[in-house]
Amino acid sequence: MPRITVKKIPVLEVYPFENSISAHCCLKLLNFTSNALANQEKYLPDLSENIDIIVSKVKAGASYDEIFHSLMQDQTCNTIPISHNIVSQLLHRFKDDWKSALGIFKWVESHNTYMPLSDSYETMLDILGKMKQTEKMMSLIEQMNNRHLVTIGCIAKVMRRLCGAGKWEDAVTIFDDLHRFGLIKNTESMNLLLDTLCKENRVEQARKIFLELKSCIPPSAYTFNIFVHGWCKVNRVDEAHWSIQEMKGYGYNPSVITYSTVIESYCRHSKFDKAYELLDVMQAQNCPPNVVTFTTIMCYLTKNEEFDEALQIPKMMKLFGCKPDTLFYNALIHTLAKSGRIQEAVDVFEDEMPSFGILPNTSTFNSMIAMFCHHGLDQEALNVLKELQSSQLYRPDIQSFSPLLKMCFKKGKTDVLLGNLLDEMINKHHLSFDLSTYTLLIHGLCRANKCDWAYGFFKEMIDKDITPKYYTCSLLLDEIKQNNNYVAADHIEEPQTARPHERCPLPHRQALEASWRKIVSSLTGTIPDISVKLESKTAEKKIKEYGGSVA
DNA sequence: TATCGGACTC
């Protein structure tokens, strides 16, 4: 049973093959991408059927334990041969739904003929960490440790998520205990810790730790690049330069990465002149800028809306003898799109990239889709999507669809087209919806007067432990209140003729409030009853925000 | 170890 049911409409009714941009480009792509095809995972029909069977047994909103037990007791599921491929696809499918992911993972782990790859363990740790399930994440890594399954990659994921959750001290503890996991403290693991801290803006802590460790663990050139990045990230470029001096003191020359990091920082502050100066220094130091350096500069010029200057970068690059790559072209397409040069962007996508043998990736297609949507060129956008779907080389992701969903709401195409796109996202591509997708959908559906549909998504996100924004809750509540009144009135006057999709099936308010209690409780950690007076000021504020009253 | 998003916000 799919989690959301959307009426199925044949694809061709919605995406007539209208113009030739797509077909044209598709042929070209296929000509020069045949070797990439070899690297793609093969999707065997029985595999995807088996996945569907397992997915259909995973009940939305159930606890991970319930999911685990229902899978354990399921006759059909237990006849399915578990493979690494099936596990990695299932985890990918539930990457924003930790309860389902963990239930399934525990189940596959319990098979005595199957042992998950260390990659799958890493993914599972990451899913828990991302959804701030720190305790679950820590208990999983302990279980892994009992079975000697912890790799440095797992440690890296755990440290990053701990830092992300504000628990950087715990990340340091993990590093201190590294021997407990059968791993050693060396330059590599130290760099991992320092990088994690720096990426979470904890460069000062990283520095202190480094001062303690440097007598026992020799730093590498990477170590100093990590600090250069860390200081730049918190806008302390002086300290970054100081780190470069220190680096030289250790006998390491700054690399193209070191310089590009500083250039990024200059660009972020719109100091493009200083960035250009540094390019010259690099050239003089025999450390010429590379494609990343130029892509960075071009991106920031675009952000600053200095389009003409941004479009000089490809020329400058040629002068430096530097070759473009996929990410450079993605940035260039974005620059052209933002500056309204649609045809030029199409030319780059269709002619220039193929002629230089540069493969697009999903983001390249996404940039084209976003550009066409932004300029109201619906059909062109849909053609690019169609091309992406039929290419066999790439698969659309959530970003491929979001501009199209937005377009549906903007143009009021909330019946056939929206239904069809959602059907493809859910049932064909099995995309995992995140906070921004749910937000976009709920807001759009409320404004389109389809609050029952919006409410379905709302319930689904609550089930997945994705906390809606305040505005989303208040918009939906208003809509439901209004709709209830309307439905009530409608029901009295002409109960037989009301159109089902325009009404809000019965009192959702109670259910909605139950959902709120759940949210409020997760936000405040207090007993979830919105009518009871609560001690904490923050709890009061939150409850008011969520439309509850405080006695 | 540096690009990784491509926009309303509550």
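These numbers come from a predicted model, not from an experiment.

Cut-offs applied
Residues numbered from 1 in each chain as written. Chains lettered and ligands numbered in written order. Predicted model: local features only at pLDDT ≥ 70, side-chain atom pairs only at ≥ 80, totals over all residues. Heavy atoms only, no water. Helix = DSSP H or I, 4+ residues; strand = E, 2+ residues; numbered from the N terminus. Near = heavy atom within 4 Å. Polar contact = N/O pair within 3.5 Å; in protein donor to acceptor, adjacent residues only side chain to side chain. Nonpolar A, V, L, I, M, F, W, Y, C, P; charged D, E, K, R; others polar. Phe/Tyr/Trp six-rings, centres within 6.5 Å; stacked < 30°, edge-to-face > 60°. Buried < 20%, exposed > 50% of the residue type's maximum accessible area, 1.4 Å probe, protein only. Axes fitted to C-alpha atoms, helices over the stretch in contact; angles between N-to-C directions. Parallel < 35°, antiparallel > 145°, perpendicular 65-115°, else oblique. Left-handed = near helix turned anticlockwise from the far one by under 90°. Contact = heavy atoms within 4.5 Å. Salt bridge = Lys/Arg side-chain N within 4 Å of Asp/Glu carboxyl O. UniProt positions renumbered as here; feature names shortened; annotations may be inferred. Expected span 1.5 Å × (residues − 1). Arc of directions from axis to C-beta.

Undergrad: What is the right way to read the environment of Ser118 from this model?
TA: For Ser118, the position within the fold is in helix H8 (residues 118-130). It is 9.6 Å that separates the C-alpha atoms of Ser118 and Met144, two residues lying 26 residues apart in sequence.

Undergrad: Help me understand the protein's contact with DNA strand B, please; the structure alone is not making it clear to me.
TA: In the vicinity of DNA strand B there are 19 residues, among which Lys199, Tyr222, Asn225, Asn290 and Lys303 approach most closely. Close to the protein, within 4 Å, the atoms of DNA strand B belong to sugar or phosphate groups at a rate of 25%. Contact between DNA strand B and Lys199: a phosphate oxygen at 2.9 Å from a side-chain N or O atom of the residue. Along the lines of polarity and charge, the residues of the surface near DNA strand B split into six nonpolar, seven polar and six charged.

Undergrad: Help me understand the packing of aromatic side chains, please; the structure alone is not making it clear to me.
TA: Each aromatic ring pair is summarised here by two numbers: the centre-to-centre distance and the angle between the ring planes. Considering all chains together, one arrives at 14 aromatic pairs under this definition. Here Phe349 and Phe365 contribute two aromatic rings whose centre-to-centre distance is 5.4 Å and whose plane-to-plane angle is 85 degrees, an arrangement assigned as edge-to-face. Residue Phe349 is located in helix H22 (residues 342-356), and its partner Phe365 is located in helix H23 (residues 362-374); the two are separated by 16 residues in the primary sequence. Residue Phe349 shares its accessibility class with Phe365, and that shared class is buried.

Undergrad: Quick question: what am I supposed to make of the packing of helix H9 (residues 134-146) against helix H10 (residues 152-164) here?
TA: When two helices pack together, their arrangement is given by the angle between the helix axes and the distance between those axes. With their axes 11 Å apart at the nearest point, H9 and H10 run at an angle of 160 degrees to one another. By the angle between their axes, H9 is roughly antiparallel relative to H10. Judged by the sense of rotation from one axis to the other, the crossing of H9 with H10 is left-handed. From H9, Thr134, Met137, Met138, Ile141 and Met144 reach across to H10, where they touch Cys154, Ile155, Val158, Arg161 and Leu162. Broken down by class, the residue content of the contact of H9 with H10 amounts to eight nonpolar, one polar and one charged.

Undergrad: Please explain the pattern of salt bridges as it appears in this structure.
TA: Pairing is possible between side chains of opposite charge, provided their charged atoms come close. Applying the stated rule across the entire model yields 21 salt bridges. Across the salt bridge formed by Asp52 and Arg93, the nearest N and O atoms sit 3.2 Å from each other. Remark: Arg93 occurs in helix H6 (residues 84-93) and Asp52 occurs in helix H4 (residues 45-57); sequence separation between them is 41 residues. Note on Asp52: relative accessible area 36%, which makes it partly exposed.

Undergrad: Please explain the side chain of Lys99 as it appears in this structure.
TA: Mapped onto the fold, Lys99 is located in helix H7 (residues 98-110). At 3.0 Å, the side chain of Lys99 and the backbone oxygen of Asp463 are in polar contact.

Undergrad: Any chance you could explain the UniProt feature "repeat: PPR" (unreviewed entry) in chain A here in plain terms?
TA: Within the UniProt annotation, "repeat: PPR" (unreviewed entry) is assigned to residues 186-216, 220-254, 255-289, 290-324, 325-360, 361-395 and 434-468. Between the end C-alpha atoms of residues 255-289 there is a gap of 10 Å, over a span that is 74% helix and 0% strand. Along residues 434-468 the backbone is 74% helical and 0% strand, and the end-to-end C-alpha distance reaches 10 Å.

Undergrad: Even after reading the chapter, I still don't get H10, so can you show me in this structure?
TA: In an α-helix, one turn spans 3.6 residues; hence positions three or four apart end up facing the same way. Compared with an ideal rise of 1.5 Å per residue, which puts 13 residues at 18 Å, H10 spans 18 Å between its outermost C-alpha atoms and is within 8% of the ideal. Among the residues making up H10, those that are buried are Cys154, Ile155, Val158, Met159, Leu162 and Cys163. Projected down its long axis, H10 shows its buried positions confined to an angular sector of 160 degrees, all on one face. If you follow the buried residues of H10, they end up packed against H8, H9, helix H11 (168-176) and helix H12 (187-199). A positive phi of about 80 degrees marks Gly166, the residue just after H10.

Undergrad: Would you explain the environment of Phe458 in this entry?
TA: Residue position: Phe458 is located in helix H28 (residues 451-463). For the pair Phe458 and Thr439, spaced 19 residues apart in the sequence, the C-alpha separation amounts to 8.8 Å.

Undergrad: So what exactly am I meant to see when it comes to unusual backbone geometry here?
TA: Negative phi characterises most residues that are not glycine, and trans characterises most peptide bonds. Backbone geometry places His148, a non-glycine residue, at a positive phi of 55 degrees. Within the secondary structure layout, His148 lies in the loop between H9 and H10. When its relative accessible area of 72% is taken as the criterion, His148 is described as exposed.

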